[in-house]
Amino acid sequence: MKLTFQPYNLILKHTFSIANYSRNTTPIVLVQIEHNGEIGYGEASLPQYLGETQDSVCTFLQKVDLSKFDIQTEIEEIMLSIDAIKERNTAAKAAIDIALHDLKGKITNQSVRKMLGITSTETPFTSYTIGIDKEHIIREKVKEATPYSILKIKVDRENWRKTIDIIREETDKPLFIDANQSWASKEEALENIQFLSTKNILLIEQPLEKSNIESHKWLKERSPLPIIADESVQRLSDIEKIKDAFDGINIKLMKCTGINEALKMIKRARQYGLKIMLGCMTETSCAIAAAAQLAPLADFIDLDGNLLITNDCFDGLKIKNGKIDLNNKSGIGIEKL
Ligand code: MG
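Below, the discussion takes up the overall build of the protein. When helices and strands are counted, the protein shows 12 helices and 15 strands. Here the C-alpha radius of gyration of the protein, 19 Å, is about what a compact globule of 337 residues would show, namely 20 Å. With respect to the three principal axes, the spread of C-alpha positions in the protein is 60 × 40 × 40 Å. For the protein, buried positions account for 58% of its 337 residues. When contacts within the protein are restricted to residue pairs at least 6 apart in sequence, long-range pairs at least 24 apart make up 68% of them.

Okay, the coordination of the magnesium ion next. Coordination sphere of the magnesium ion, protein contribution only: Asp178 (OD), Glu205 (OE) and Asp230 (OD), at 2.1 to 2.3 Å. Read from N- to C-terminus, the donor residues coordinating the magnesium ion fall into the pattern D-x26-E-x24-D. Taken together, the positions of aspartate 178 in strand S6 (residues 175-178) and glutamate 205 in strand S7 (residues 201-205) put the pair 27 residues apart, joining distant regions of the chain. For aspartate 178, a relative accessible area of 0% corresponds to the buried category. Judged by its relative accessible area of 0%, glutamate 205 is buried.

Evaluation of the coordinates by the stated rule reveals 30 salt bridges. With a shortest N-O distance of 2.8 Å, glutamate 169 and arginine 139 are connected by a salt bridge. A residue pair is termed long-range when its members are at least 10 positions apart, and glutamate 169 in helix H6 (residues 160-170) and arginine 139 in helix H5 (residues 135-144) qualify at 30 residues. For glutamate 169, a relative accessible area of 57% puts it in the exposed group. Aspartate 244 is the salt-bridge partner of lysine 243, the closest N and O atoms lying 3.6 Å from each other. Judged by relative accessible area, lysine 243 falls into the buried class, the value being 18%. Relative accessible area serves as the criterion here: at 44%, aspartate 244 is assigned to the partly exposed category. The network of salt bridges with common partners includes Glu135, Arg139, Lys143, Lys162, Glu169 and Glu170.

What follows deals with H5. The α-helix advances 3.6 residues per turn, and as a result positions three or four apart in sequence lie on the same side. Of the positions making up H5, those classed as buried are Ile137, Ile138, Arg139, Lys141 and Val142. Residues of H5 that are buried make contact with strand S1 (2-17), strand S4 (127-130), strand S5 (150-154) and H6.

Turning our attention to the sheet that holds S1. The strand order across the open sheet formed by three strands is S1-S2-S3, and the pairing between neighbours is antiparallel. Whereas interior strands pair on both sides, the edge strands pair on one side only; in this sheet they are S1 and strand S3 (38-45). When the angles between neighbouring strand axes are averaged without regard to direction, this sheet yields 25°. Looking at chain direction, strand S2 (residues 22-35) and S3 are connected through eight bridges and run antiparallel. The residue bridging valine 31 from the neighbouring strand is glycine 42, located in S3. Each of S1, S2 and S3 is contacted by helix H1 (residues 54-62), which is oriented at about 160° to S1, the strand it contacts most.

Attention shifts here to empty space enclosed by the protein. Scanning the model with the defined rule gives four cavities of 30 Å³ or more in all. Of the voids in this model, the largest cavity is the one considered here, and its volume is about 100 Å³. As for the largest cavity, its lining consists of Leu12, Lys13, His14, Thr15, Phe16, Tyr128, Thr129, Lys141, Glu144, Thr282 and Leu308. Within the residue set of the lining of the largest cavity, elements represented by two or more residues are S1, S4 and H5. Looking at the lining of the largest cavity, its residues break down into four nonpolar, four polar and three charged. Shared between two domains, the lining of the largest cavity holds at least three residues of each, these being domain 1 (2-109) and domain 2 (115-336). For the second largest cavity, the calculated volume is near 70 Å³. Considering the residues around the second largest cavity, the lining is formed by 13 residues, among which Gln293, Leu317, Asp325, Asn327 and Ile332 are closest to the centre. Elements supplying a minimum of two residues to the lining of the second largest cavity: helix H12 (285-292) and strand S14 (323-325). Classifying every residue of the lining of the second largest cavity by side-chain character gives seven nonpolar, four polar and two charged.

Conventions we followed
Residues numbered from 1 in each chain as written. Predicted model: local features only at pLDDT ≥ 70, side-chain atom pairs only at ≥ 80, totals over all residues. Heavy atoms only, no water. Helix = DSSP H or I, 4+ residues; strand = E, 2+ residues; numbered from the N terminus. Rg over C-alpha atoms; globule rule 2.2 N^0.38 Å. Buried < 20%, exposed > 50% of the residue type's maximum accessible area, 1.4 Å probe, protein only. Contact = heavy atoms within 4.5 Å. Donors = N, O, S within 2.8 Å, 3.2 Å for Na, K, Ca; no water. Salt bridge = Lys/Arg side-chain N within 4 Å of Asp/Glu carboxyl O. Pairing = 2+ DSSP bridges. Axes fitted to C-alpha atoms, helices over the stretch in contact; angles between N-to-C directions. 1 Å grid on protein atoms, 1.4 Å probe; cavity = no way out; pocket = protein on both sides within 12 Å on 5 of 7 lines; lining within 4 Å. Points joined across faces, edges and corners; volume = space filled by probe spheres on them. Nonpolar A, V, L, I, M, F, W, Y, C, P; charged D, E, K, R; others polar. Domains from an automatic or database assignment.

Read these as geometric descriptors, not functional statements.
Shown next, in the form of structure tokens:
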């Protein structure tokens, strides 16, 4: 197997703002793994807050030697070896994991979903994300989101009530609310959630600072809405320490090193009775299609990263009636444009 990679910059349709920062582009690194003329595609998406850069990903990928593995080698074994090269670098590892799954699916002529033993094609509705923005842009984005049945609303500490009022003037669709750690205390968060509980809200993502597990536990015991961990949980090993403090976890391939570990996280989280949300960064259809392979196993889907960019370099992922349309193409089911 031969690994090649190149940096690429995603251009965002709108400036994307959440509670802590804003951006107009997202750097990514595109990865290909080739075997006998068949190519598996992967991608590392690198939003600033995760700490990886195009340079760090390329440096990591230069250390990866796939020539020592056979195409028959289990992905599990390859990923264990790649994980051991250096700690962190989760997006770089995810890029390899995605390309390996895509390649293996193509070689065995089946979807990654089927390869993983997932037989259902039923998936929850996927949400469309609306970042923190000026009033007229929020209204514009709600209109852009017409094909979607659920909106995910990013909120901060200061203006969240105003944001919800604006959204509710435009639509009565159910909402996911993502506070991105911005609410200051457990009491403040509970008051906010109590207010929101009458507004057709499905869940609250990461209300408080990520390491404040005790306050999240206090909040979970009192909250009328499910509380989902995002920043508080990255990898499989994090689930144990947060399992009593949240109702569910948001799994993202870029945080957890890819499909192989995401599947383990889903199984472990289910053992603890946790809900599963599948999320993403701003990504091309490649990483979104990879995460979508796990969509039948999830309760909540937030896989819209490819819809928020203007220069997607892959095709094949479609939304039908507000849900990701899982095709039966081999691998992750996308083509390079
Ligand atoms: Mg989030």
